[in-house]
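Listed below are the residues making up each chain.
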Amino acid sequence: MTTGTLITVAPTGAESAKAEVPALPVTLDELLLTAKECEALGAAVIHVHIRDDDARPTLDQGRLRDTVAALRENTDLIVQLSSGGAVTDPESARLAVLDAGPDMASCTMGTVNFGDDVFLNRWEFIVDLHTRMQERGVVPEYEIFDLGHLTALQRLLGKYGLPHGGHVHVDFVMGVPGGMPGTTATLVAAQQMLRDLPEGTTFSATGIGRSTIPVMLASLSTGGHLRVGMEDTVTYAKGRPVESNMQLVARAVGFAQLAQRPPLTTAEARTLLGLPAVAR
Ligand code: KMH
Ligand code: ZN
């Protein structure tokens, strides 16, 4: 029986430009401030993409390590690094993200059209990511952009075994142009497909752009958890740009409380996700 709500904040992403979205946190200081404030509001996990000095997406190893260390020093948040990066990032750099020693990393379960681009996730690459995470004690969050990605996850777990910690957690990323739509009907279909995955599998959901609110409400009402943040939406309401990630987290916390499923603490989230009680 699901009680509390796991709230993940995805504050930056790799797609929006700082010049067009000035509120986007792109420096380490901006990220840390965002992280601390979102944690105080009720976020338990931070899904991290970083930027270089010119605010362009990067997977620079030194920066990733510094970011993990600084988040650990300044917050109790569960640090989940993106292994998705930007659509232009090579597989080698995406695999090397694990060297930065995060608590968690994302693992996208298949290739998907991504607007005008392609977000490439070959089977062999997915297997590499999954098995390296098992070896290094990094807990994956399986990113599901389309329903077939759940079938790929079933195959992955069947062939290569459970992730580190033994718990399976997926995130439905809905409403990407080229992926599954961000509708209640699709979320219910995705949730039903979890029956083919190990018992106790949990899910979060996020809706890109205007599907943010419908997906949030559908996830809460079907026992799911929430991911919000400026990676996924930069519009708060029609004609109203998002002012900060805190604004999105505060809204998610409000909805979760209305649903009588208050935010999980970071300690509760660690238990749910199969992470050790404290960061390594
Ligand atoms: N930026 C997208 C191409 C992830 O973080 O793992 C991939 C993405 C998924 O955001
Ligand atoms: Zn991401």
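Residues numbered from 1 in each chain as written. Chains lettered and ligands numbered in written order. Predicted model: local features only at pLDDT ≥ 70, side-chain atom pairs only at ≥ 80, totals over all residues. Heavy atoms only, no water.

If you check an unreviewed UniProt entry, the protein chain appears there as 3-keto-5-aminohexanoate cleavage protein from Micromonospora tulbaghiae. Per UniProt, the protein chain has the following entry under Cofactor (unreviewed entry): "Zn(2+)". (UniProt positions renumbered as here; feature names shortened; annotations may be inferred.)

Draft legend 1. Up close: the coordination of the zinc ion (ligand 2). Here the zinc ion (ligand 2) is held by His 47 (NE2), His 49 (NE2) and Glu 231 (OE), and the distances to it run 2.1 Å. Written as a sequence motif, the donor residues of the zinc ion (ligand 2) are H-x1-H-x181-E. Here the residue His 47 occupies a position in strand S2 (residues 45–48), and Glu 231 occupies one in the loop between strand S12 (225–228) and strand S13 (235–237), the gap between them amounting to 184 residues. The pair formed by His 47 and Glu 231 is uniform in burial state, with each residue classed as buried. (Donors = N, O, S within 2.8 Å, 3.2 Å for Na, K, Ca; no water. Helix = DSSP H or I, 4+ residues; strand = E, 2+ residues; numbered from the N terminus. Buried < 20%, exposed > 50% of the residue type's maximum accessible area, 1.4 Å probe, protein only.)

Draft legend 2. Spatial organisation of helix H6 (residues 184–193). Taken together, the buried positions of H6 are occupied by Thr 186, Leu 187 and Ala 190. The arc that holds every buried residue of H6, seen down its axis, measures 100°, which confines them to one face. Where H6 is buried, its residues touch helix H5 (148–160), strand S10 (169–174), strand S11 (202–207) and helix H7 (212–221). (Arc of directions from axis to C-beta. Contact = heavy atoms within 4.5 Å.)

Draft legend 3. Focus on unusual backbone geometry. Phi is positive for Ala 55, close to 65°, though the residue is something other than glycine. Its identity as a non-glycine residue notwithstanding, Gln 260 has a phi of 60°, on the positive side. In this fold, Gln 260 is placed in the loop between helix H8 (245–258) and helix H9 (266–273). Classification of Gln 260 by relative accessible area gives exposed; the value is 70%.

Draft legend 4. Looking closely at H5. Its 13 residues give H5 an end-to-end C-alpha distance of 18 Å, which sits within 8% of 18 Å, the value for a rise of 1.5 Å per residue. The complete set of buried residues in H5 reads His 149, Leu 150, Ala 152, Leu 153, Leu 156 and Leu 157. Each buried residue of H5 sits inside an arc of 155° when the element is viewed along its axis, so together they form one side. Relative to its buried face, H5 has exposed residues pointing more than 90 degrees away, namely Gly 158 and Lys 159. Among the structural elements, strand S7 (112–114), helix H4 (123–136), strand S9 (139–144), S10 and H6 are those in contact with the buried residues of H5. (Expected span 1.5 Å × (residues − 1).)

Draft legend 5. View of the nonpolar core. Counting residues in hydrophobic clusters, the biggest one holds 37 residues, and the most contacted among them are Ala 43, Ile 46, Val 48, Leu 71, Leu 81 and Val 249. Residue assignment for this core shows that the elements contributing at least two residues are strand S1 (7–9), helix H1 (28–41), S2, helix H2 (61–74), strand S5 (78–81), H7, S12 and H8. No other element matches H8, which puts 6 residues into this core. For Leu 71, the contacting residues outside a window of four places in its chain are Leu 31, Leu 32, Ala 35, Ile 46, Val 48 and Val 79. Core analysis: the next-biggest nonpolar cluster, separate from the first, contains 32 residues, Val 138, Leu 157, Phe 172 and Met 174 among them. (Core = buried A, V, L, I, M, F, W, Y, C linked by side-chain atoms within 4.5 Å.)

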